[in-house]
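Commentary on secondary and tertiary structure
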2 protein chains.
Amino acid sequence: MQTPLKIAIVGSGLVGSLLAIYLKRAGHTVHVYDRSPDIRTIKFSGRSINLAMSHRGWRALDEVGLGDQIREIAMPMDKRAIHTVGQPLNYLYYGKDGENIYSISRGVLNRKMVSLAEAEGAEFFFNTRVWDVTMATATLHTGETEQGTWDDRKYDMVFGADGAFSRVRHRMQRQNMFNYSQEFLNTGYKELNIPANPDGSHKLDKNSFHIWPRRDFMLIAMPNLDGSFTCTLFMPFEGEHSFEALKDKETLEAFFAKYFPSTTDVIPNLVEDFFKNPTSSLVTMKCYPWTYEDKVALIGDACHAIVPFYGHGMNAGFEDITILNQLMGQYGDDWKTIFEEYQKSRKPNADAIAELSYRNFMEMSSDTADASFLLRKKIEKRFSEKYPDKWLPLYSRVTFSFRPYSEALALGDHQKAIMDEVMATEGIFERWDSPEVEAKMLELLQK
Amino acid sequence: MQTPLKIAIVGSGLVGSLLAIYLKRAGHTVHVYDRSPDIRTIKFSGRSINLAMSHRGWRALDEVGLGDQIREIAMPMDKRAIHTVGQPLNYLYYGKDGENIYSISRGVLNRKMVSLAEAEGAEFFFNTRVWDVTMATATLHTGETEQGTWDDRKYDMVFGADGAFSRVRHRMQRQNMFNYSQEFLNTGYKELNIPANPDGSHKLDKNSFHIWPRRDFMLIAMPNLDGSFTCTLFMPFEGEHSFEALKDKETLEAFFAKYFPSTTDVIPNLVEDFFKNPTSSLVTMKCYPWTYEDKVALIGDACHAIVPFYGHGMNAGFEDITILNQLMGQYGDDWKTIFEEYQKSRKPNADAIAELSYRNFMEMSSDTADASFLLRKKIEKRFSEKYPDKWLPLYSRVTFSFRPYSEALALGDHQKAIMDEVMATEGIFERWDSPEVEAKMLELLQK
């Protein structure tokens, strides 16, 4: 058991709220600050992408007994449903039978998490802007305006769970020897919506992650409990197929009719939503160190913001909490060691999931429409079912295992090299399930 | 001729001062702000590395007729003098006969540049902190403290020439879609000094850039006009050979006696200077965009801070001014196009010199002590003298030419691949100047 401390968490998002629960369970006093109003009292912004909770996320929730409550607001998805113009719907299963990822509305989950943290005894300070942090004394500086008078709020420890544009990190960044990078994609995104049928049922298969892959742009749809789908259009900001090019109602409707004909019946508010909802940008942010002595630590997006194409932003943030909690059990009151081991353990994994997420845009938007890619997946699946000890597909290692992301990245590259050779086999489309191909894979794995 | 504007430059360093001169010549009103006191009124900090002015730097000065005045305070260096323990001094010439780089004290040059800019009619505001910039209106916000009352100073245009930790960039960085990275080396540096002889002469060859390469650390010395040398010790912060390890007088003296025996007679104030002067860090900073509409532009270290191992930080910053000035001539009052073309033209070159500078630490600290490296240079030099149209060595292309840095990086990689093959020739140490080796290089160049 740890000596009770007074701990501030900046940010009441998913990671901030769950961390609050863990720290309360460990016996600490926990204050959570957020510049925004209580998310339970406001309408969502129309700029969110549904979450895809998977093994790592569930582990963090189950560890504190909250998994079942959250499963009630989650929609299982066992496959991708790939919509290609002029071709029948193609289903691509994510893992083995019974392996699902779970679609959850970010807003619904965040509201629930704040309530759970409050019930646990964490105290929330909404509409409270933290402008700066004095790291040596774990003191937050809050106030109405950046230039106005500030209140000082002294703690034993501060966690920055305040997202990709973290104010806490901003202070760390001014220190010497702080490595930092932020890189924006030229691709942005916009939220759209497929409403439920009048009887509350879903208009598309409700246990699928729907993708309309169109190479440099794509549309996705993820199911909600209420029969609707949250859709996201990913597209370059500028160029031939771009947000900039879709300037008016006519252009927009013609574009959707041409590239997403199967959606015209199911997205009734296309024009209104498209021009009302903001176009958001996508950033990869990396930094190091993540901690300052035993006083300040960054967690979640505040220290590793990634693009959403692997669906692992929240999962990675929740895993930060799992690892931190393990280290708290291991090192007790030695927070300096806890923080040091935490950042050393998490940094390579954060970098790995950043890389995997960045690469996955190509897989989602292009490869899923490609026959050779689909065959590759089929060969891998067959082999992996026959030799589960020898081959765990990359997606499964990332999503349905607790193996480190860094291991997934390295082994994934190794598997890709093997599959490149296998796919170069003459007549692979006919011989893909032949004993020779299997023998070749076994041989290549031996090397 | 351009329509006269009211322009603010933040930063009175080398790039800020020279830019002020160029903008005055173009007919503008120029105000230069600096948070520090007038450099002409204070002692230098003991944390600077001498500058190595080369072709690009001289071009920017000569263009406004200042080259000759600066040449008076510069020491030509035509070679590296390599100090290896137990071996005679080895000279490695930089370029062709008459090609020199020029050692200049940063402080001496900066004082001179400020005076020249003032004589040109630029107005300087020292001890004035710019806390923020409103980009849309090119307004500087200055004041005593960040939280105190600010004055607004409105201009037509603002240049951020305020270095690696630029406050102007800091504002741009908060914009959406601003790419940014800062990465620190684990190697730091410290200034030391070799004083002049009593008669004012130099204790070491005065036309050499002196290097004591010791693999993971190195000492360099660059001559000053007054007979002294400014030395810089580059060494990891932590580890076996590190600043951290040199904790006291005894350890320091034993370390220098072992690794730099030839310096014991010439650095009399080693102990005092070592513990008095700060240990500074080295950062590579990249960002994009560099400009905001026709209102704000970054220049020099503020948009491309590099490590000092190619001696090109100032040269690259001065070349920014050359290019900007060319574009001013080309596009007149169309500052939006000037800024757009400026950043598009300079960004790939800034990235290239950043990469070359980063790589050059290895060359300076390790390779210059390596026989195979020295032979490689000898073969290149011989071939380049015989076939000047076919082979310009990388160092010469970077330092003694105006070819784009990006071209130097790309061609340098190509040349390296050729030299790798040449060096793999059997008996190359004996046959290096044979017709066969020459034929091989010609053949490899054909490919």
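Residues numbered from 1 in each chain as written. Chains lettered and ligands numbered in written order. Predicted model: local features only at pLDDT ≥ 70, side-chain atom pairs only at ≥ 80, totals over all residues. Heavy atoms only, no water.

Helices and strands together make up the secondary structure of chain A, namely 14 helices and 21 strands. What you see for chain A is a C-alpha radius of gyration of 23 Å, in line with the 22 Å of a compact globule of 447 residues. Projected onto its principal axes, the C-alpha coordinates of chain A cover approximately 70 × 60 × 40 Å. Taking the intrachain contacts of chain A between residues at least 6 apart in sequence as the baseline, contacts between residues at least 24 apart amount to 70%. Total accessible area on chain A stands at roughly 18,900 Å², and carbon and sulfur atoms take up 49% of it. Separation of charge centres in chain A, based on 52 positive and 61 negative side chains, amounts to 1 Å. (Helix = DSSP H or I, 4+ residues; strand = E, 2+ residues; numbered from the N terminus. Rg over C-alpha atoms; globule rule 2.2 N^0.38 Å. Contact = heavy atoms within 4.5 Å. Areas by Shrake-Rupley, 256 points an atom, 1.4 Å probe, with all protein chains shown as cover. Lys, Arg positive; Asp, Glu negative; His and termini not counted. Charge placed at Lys NZ, Arg CZ, Asp CG, Glu CD.)

Moving on: the relation of the copies chain B and chain A. Each copy of the sequence occupies a distinct position, and chain B is placed on chain A by a rotation of 180 degrees and an axial shift of 0.0 Å, giving an RMSD of 0.0 Å. In short, the pair behaves as if placed about a two-fold rotation axis. In terms of proximity to the rotation axis, the leading residue of chain B is B:Ser181, whose C-alpha is 1.9 Å off the axis. Here 100% of the contact residues of chain B are again contact residues in chain A; the copies associate through an equivalent surface. (Least-squares fit on C-alpha atoms with pLDDT ≥ 70 in both.)

Before going further, it helps to spend a moment on the sheet that holds strand β4 (residues 75–77) of chain B. Residue and element names in this part refer to chain B. Across the sheet, three strands lie side by side as β3-β7-β4; this open sheet has antiparallel pairing. Lying at the two open borders of the sheet, with one neighbouring strand each, are β3 (51–53) and β4. When strand polarity is set aside, the average angle formed by the axes of neighbouring strands in this sheet is 40 degrees. With three bridges connecting them, β4 and strand β7 (residues 101–104) associate as antiparallel partners. Counted as the bridge partner of Met-77 is Ile-101 from β7. (Pairing = 2+ DSSP bridges. Axes fitted to C-alpha atoms, helices over the stretch in contact; angles between N-to-C directions.)

Between chain B and chain A, the residue contacts involve 21 residues of the former and 21 residues of the latter. Summing both sides of the interface, chain B and chain A together bury roughly 1,700 Å²; the carbon and sulfur share of this comes to 39%. Our count for the contact surface shared by chain B and chain A stands at two salt bridges. Here B:Arg174 and A:Glu146 are joined by a salt bridge, their closest N and O atoms 3.9 Å apart. Across the chain B-chain A interface, the total number found is 13 residue pairs in polar contact (both at pLDDT 80 or more). Of all the secondary-structure elements, those providing two or more residues to the side of chain B that touches chain A are α5 (167–173) and β13 (179–194) of chain B. (Buried area = accessible area lost by both parts, 1.4 Å probe. Salt bridge = Lys/Arg side-chain N within 4 Å of Asp/Glu carboxyl O. Polar contact = N/O pair within 3.5 Å; in protein donor to acceptor, adjacent residues only side chain to side chain.)

Okay, the pattern of salt bridges next. Residues and elements named next belong to chain A. Under the definition given, this model contains 60 salt bridges over all chains. The closest approach of N and O atoms between Glu-407 and Arg-397, which form a salt bridge, is 3.1 Å. Of this pair, Glu-407 sits in helix α12 (residues 405–423) while Arg-397 sits in helix α11 (residues 394–399), placing them ten residues apart in sequence. Arg-397 gets classed as buried once you look at its relative accessible area, which sits at 11%. Put simply, Arg-56, Arg-59, Glu-319, Asp-320 and Arg-346 are held in one network by salt bridges that share partners. (Buried < 20%, exposed > 50% of the residue type's maximum accessible area, 1.4 Å probe, protein only.)

What follows covers the domain arrangement of chain A. Residues and elements named next belong to chain A. Taken domain by domain, chain A comprises domain 1 (6–75 + 103–182 + 283–360), domain 2 (187–276) and domain 3 (370–446). Distance between the C-alpha centres of domain 1 and domain 2: 31 Å. Counting residues at the interface gives 15 residues for domain 1 and 13 residues for domain 2. Contact with domain 2 buries surface across domain 1, with Ile-49, Asn-50 and Met-75 losing the most and accounting together for 49% of the total. The interface formed by domain 1 and domain 2 contains zero salt bridges. (Domains from an automatic or database assignment.)

The next point concerns helix α14 (residues 435–446) of chain A. Residues and elements named next belong to chain A. In a regular helix each residue adds 1.5 Å, so twelve residues correspond to 16 Å; α14 covers 17 Å between its end C-alpha atoms and thus fits that length. If you check which residues of α14 are buried, you get Val-437, Glu-438, Met-441 and Leu-444. Seen from one end, α14 has its buried residues packed into an arc of 125 degrees, which puts them on one side. Facing away from the buried side of α14 by over 90 degrees, the exposed positions are Pro-435 and Gln-446. Packed against the buried residues of α14 are α10 (371–386), α12 and α13 (428–431). (Expected span 1.5 Å × (residues − 1). Arc of directions from axis to C-beta.)

Applying the stated rule across the entire model yields 49 aromatic pairs over all chains. Ring geometry for A:Phe217 versus A:Phe255: centroids 5.2 Å apart, planes at 40 degrees, classification tilted. Taken as a pair, A:Phe217 in the loop between β15 (208–213) and β16 (218–223) and A:Phe255 in helix α6 (residues 249–259) lie far apart in primary sequence, 38 residues in all. Exposure class is identical for A:Phe217 and A:Phe255. Each is buried. Here B:Phe217 and B:Phe260 contribute two aromatic rings whose centre-to-centre distance is 5.9 Å and whose plane-to-plane angle is 85 degrees, an arrangement assigned as edge-to-face. With B:Phe217 in the loop between β14 (208–213) and β15 (218–223) and B:Phe260 in the loop between α6 (249–259) and α7 (270–276), the pair connects residues that are 43 residues apart, well separated along the chain. Note on B:Phe217: relative accessible area 1%, which makes it buried. Site record: aromatic cluster; members linked through ring pairs are A:Phe217, A:Phe255, A:Phe256, A:Tyr259 and A:Phe260. Directly above the ring of A:Tyr155 sits A:Lys6, whose terminal nitrogen or CZ lies 5.0 Å from the centroid. A cation sits over an aromatic face here: B:Lys190 above B:Phe274, 4.7 Å from the ring centre. (Phe/Tyr/Trp six-rings, centres within 6.5 Å; stacked < 30°, edge-to-face > 60°. Lys NZ or Arg CZ within 6 Å of the ring centre and 35° of its normal.)

Bringing the sheet that holds strand β8 (residues 123–125) of chain A into the picture now. Residue and element names in this part refer to chain A. One open sheet holds the six strands; their spatial order is β8-β2-β1-β12-β20-β19, and the pairing between them is mixed. At either end of the open sheet lies a strand with only one pairing partner, and these are β8 and β19 (291–292). Pairing analysis gives four bridges linking strand β1 (residues 6–10) to strand β12 (residues 157–160), with the strands arranged parallel. For Val-10, the partnering residue across the bridge sits in β12 and is Gly-160. Running at roughly 15 degrees to β12, helix α9 (residues 335–365) makes contact with β12, β19 and β20 (296–298) of the sheet.

Residue and element names in this part refer to chain B. One number sums up the size of the second largest pocket: a volume of about 1,100 Å³. As for the second largest pocket, its lining consists of 42 residues, of which Glu-363, Phe-373, Lys-377, Glu-380 and Pro-393 are closest to the centre. Ranked by residues supplied to the lining of the second largest pocket, first place goes to helix α10 (residues 371–386) with twelve residues. Across the lining of the second largest pocket, the residue classes break down as 20 nonpolar, eight polar and 14 charged. Summarising the domain contributions, the lining of the second largest pocket has at least three residues from each of domain 1 (6–74 + 105–182 + 283–360) and domain 3 (370–446). (1 Å grid on protein atoms, 1.4 Å probe; cavity = no way out; pocket = protein on both sides within 12 Å on 5 of 7 lines; lining within 4 Å. Points joined across faces, edges and corners; volume = space filled by probe spheres on them. Nonpolar A, V, L, I, M, F, W, Y, C, P; charged D, E, K, R; others polar.)

Residues and elements named next belong to chain A. Judged by side-chain polarity, Leu-89, Tyr-91 and Tyr-93 come together as a nonpolar surface patch covering roughly 290 Å² of accessible area. Examined against the element boundaries, Leu-89 turns out to sit in the loop between β5 (79–82) and β6 (90–93). Assessed through its relative accessible area of 37%, Leu-89 is described here as partly exposed. (Patch = residues over 30% accessible without salt bridge, like charges linked within 9 Å, V, L, I, M, F, W, Y side chains within 5 Å.)

Time to look at the packing of helix α1 (residues 14–25) of chain A against helix α4 (residues 106–119) of chain A. All names here are of chain A. Remark: α1 packs on α4, axes separated minimally by 9 Å, with the N-to-C direction vectors making an angle of 25 degrees. The angle between the axes of α1 and α4 places the two elements in the roughly parallel class. The hand of the α1/α4 crossing is left-handed. On the side of α1, the interface is formed by Leu-14, Ser-17, Leu-18, Ala-20 and Ile-21, while α4 contributes Arg-106, Leu-109, Asn-110, Met-113, Val-114, Leu-116 and Ala-117. In terms of residue class, the contact of α1 with α4 is built from nine nonpolar, two polar and one charged. (Parallel < 35°, antiparallel > 145°, perpendicular 65-115°, else oblique. Left-handed = near helix turned anticlockwise from the far one by under 90°.)

Turning next to unusual backbone geometry. In this structure, the amide linkage connecting A:Tyr288 to the following residue, A:Pro289, adopts the cis form with an omega of 0 degrees. You can see A:Pro289 is positioned in the loop between β18 (283–288) and β19. If you check the backbone angles, A:Met177 has positive phi at about 65 degrees while not being a glycine. With respect to the helices and strands, the residue A:Met177 is situated in the loop between α5 (167–173) and β13 (179–184). A positive phi is found at B:Arg215, a non-glycine position, where the angle reads about 70 degrees. As for its position among the elements, B:Arg215 is in the loop between β14 and β15.

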